[in-house]
Amino acid sequence: MMVNEIGEVSNVSNTLKDVEILDNKRGYLDLKWTCIECDHVNTKNHISVFQNALMICSHCAASHYSWLSEYLDDSFNDNVLRIMDKYESIVVWPKTVELQQALHKSPALLEDNVYIVDSSPAKQGTYLRGKVTYSPDIIHSKNVKAVILVATVGTLISGITAQIKENYPEVELIVRANDLVEGEVDLSDPDFLV
Ligand SMILES: [Zn+2]
C-alpha cells in the first residue's frame, strides 16, 4: 500500500480470498474471508464498507489490506444516479480516504455536476481523481440541493449536518453514503435522511 501526502491511497491490492458478505446493514458488513497465508477462515462483523480495512487473520496474524467496496454490487452507483436525476447536482462531503473509495465505486460521482467539499482550508483546492475540492459555499454558488456524507464517524456526520442546516437551509437531501450501498433507496423515506 502506498499513501501520498494527501492521504490518498495510490496502489491498492485486495488480498482477501473467498470473501463472502454474510450481512449488509446499511453499509456495515459482516464478512467471511480466507487468509491467503494459512487458509484459515475468518469472520469480521459490522465493518463500514468504505473504511480502508486492515483485516488481521485470527490464526496466523497476517494482515491483509482491502477495499471492501470491491465486493459490493452496483446499488451505490445506481442510487447516486437516482439522486442526480432528482436534484441535478450533488455535493460529497468531506474529502476523506473513504470518499476515494466511493468515487472508485461510483463513476456517476466523477461527473462534472458532483462537487467535492471540505470545511478545512488545507483540503480546499486539492484534487481527488481529477476533481478539485471546494469550500462549502459551492452549495450557494451552484445551487446544490443534495449532499452525500462520506464519513462514518458519528461526530463528524453530526458536525457537518449542523453546518448544512445552519448555513445552507436550501439543501433538501442529506444522506449517508453508507445508506446507499444496498438495494434501491426510497429518497422520500425520512428513515434514510440525516
Ligand atoms: Zn492466516
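*Asks:* How should the overall build of the protein be read in this particular structure?
*Replies:* Looking only at helices and strands, the protein has four helices and 11 strands in total. Against the 2.2 N^0.38 benchmark of 16 Å for 194 residues, the protein shows a C-alpha radius of gyration of 17 Å, consistent with a compact globule. Each principal axis of the C-alpha distribution contributes one length, and for the protein these read about 55 × 40 × 30 Å. Looking at the protein as a whole, 31% of its 194 residues are labelled buried.

*Asks:* Is there a simple way to explain helix H2 (residues 97–105) in this structure?
*Replies:* Within H2, seven of the nine residues are buried, which leaves the element mostly enclosed by the surrounding structure. Listed in full, the buried residues belonging to H2 are Glu98, Leu99, Gln100, Gln101, Ala102, Leu103 and Lys105. At its buried positions, H2 is contacted by strand E5 (63–67), helix H1 (75–87), strand E6 (90–93), strand E7 (114–117) and strand E8 (127–128).

*Asks:* Explain the domain arrangement of the protein here, please?
*Replies:* Often, the extent of an interface is quoted as the loss of accessible area upon association of its parts. Domain parsing of the protein yields domain 1 (2–70) and domain 2 (75–192). Distance from the C-alpha centre of domain 1 to the C-alpha centre of domain 2: 24 Å. Each partner contributes residues to the interface: domain 1 has 15 residues there, and domain 2 has 16 residues. Along the lines of polarity and charge, the residues of the side of domain 1 that touches domain 2 split into six nonpolar, seven polar and two charged.

*Asks:* Can you walk me through the confidence of the model for the protein in this structure?
*Replies:* Close reading of the predicted structure is inappropriate where its pLDDT is low. Looking at the protein as a whole, its pLDDT mean stands at 88, while 93% of the residues score no less than 70. Contacts for the low-pLDDT stretch residues 1–12, under 50 throughout, to residues beyond four places or in other chains number 17 contacts.

*Asks:* Help me out: how do you make sense of the nonpolar core in this one?
*Replies:* One recurring pattern in soluble globular proteins: nonpolar side chains tend to sit buried together. Judged by nonpolar contacts, the single largest core of 41 residues is most densely connected at Val91, Val92 and Val150. Residues lining this core come from more than one domain, with at least three contributed by each of domain 1 (2–70) and domain 2 (75–192). The contacts of Val150, once residues within four sequence positions are left out, are Phe50, Val92, Thr96, Glu98, Leu99, Ala102 and Ala177.

*Asks:* Looking at this model, I keep getting lost on the sheet that holds strand E9 (residues 131–134). Mind explaining?
*Replies:* The strands that make up a sheet pair up through hydrogen bonds in the backbone, lying either parallel or antiparallel. Reading across the sheet, the six strands line up as E8-E9-E7-E6-E10-E11 and stay open at both edges, with mixed pairing between neighbours. Edge positions in the sheet fall to E8 and strand E11 (173–176), since each has one partner strand and no second. Bridging between E6 and strand E10 (residues 146–149) involves three bridges; their strand directions are parallel. Across the sheet, residue Val91 finds its bridge partner in E10, namely Val147.

*Asks:* Please explain the environment of Ser58 as it appears in this structure.
*Replies:* Within the fold, Ser58 resides in the loop between strand E4 (52–56) and E5. Judged by local crowding, Ser58 falls into the exposed class, with 12 C-beta atoms found within 10 Å. Considering only alpha carbons, one finds Ser58 and Thr43, 15 residues apart in sequence, at a separation of 8.9 Å. Ser58 has contacts with His40 and Asn42, leaving out every residue within four places of it along the chain.

*Asks:* For this particular structure, what's the right way to read the sheet that holds strand E3 (residues 41–48)?
*Replies:* Taken in spatial order, the three strands of this open sheet run E1-E2-E3, and their pairing is antiparallel. Each edge of the open sheet is held by one strand with a lone partner, namely strand E1 (17–25) and E3. Taken pair by pair, the neighbouring strands of this sheet meet at an average axis angle of 20 degrees, ignoring direction. In terms of strand pairing, E1 meets strand E2 (residues 28–34) through six bridges, oriented antiparallel. Each bridged residue has a counterpart across the sheet, and for Asn24 the counterpart in E2 is Leu29.

*Asks:* Quick question: what am I supposed to make of the environment of Tyr65 here?
*Replies:* You can see Tyr65 is positioned in strand E5. The sequence separation of Tyr65 and Val171 amounts to 106 residues, and the corresponding C-alpha distance is 36 Å.

What counts, and where the lines are drawn
- Residues numbered from 1 in each chain as written.
- Predicted model: local features only at pLDDT ≥ 70, side-chain atom pairs only at ≥ 80, totals over all residues.
- Helix = DSSP H or I, 4+ residues; strand = E, 2+ residues; numbered from the N terminus.
- Rg over C-alpha atoms; globule rule 2.2 N^0.38 Å.
- Buried ≥ 20, exposed ≤ 12 C-beta atoms within 10 Å, placed from the backbone.
- Contact = placed C-beta atoms within 7 Å.
- Domains from an automatic or database assignment.
- Nonpolar A, V, L, I, M, F, W, Y, C, P; charged D, E, K, R; others polar.
- pLDDT = per-residue confidence, 0-100.
- Core = buried A, V, L, I, M, F, W, Y, C linked by C-beta atoms within 7 Å.
- Pairing = 2+ DSSP bridges.
- Axes fitted to C-alpha atoms, helices over the stretch in contact; angles between N-to-C directions.

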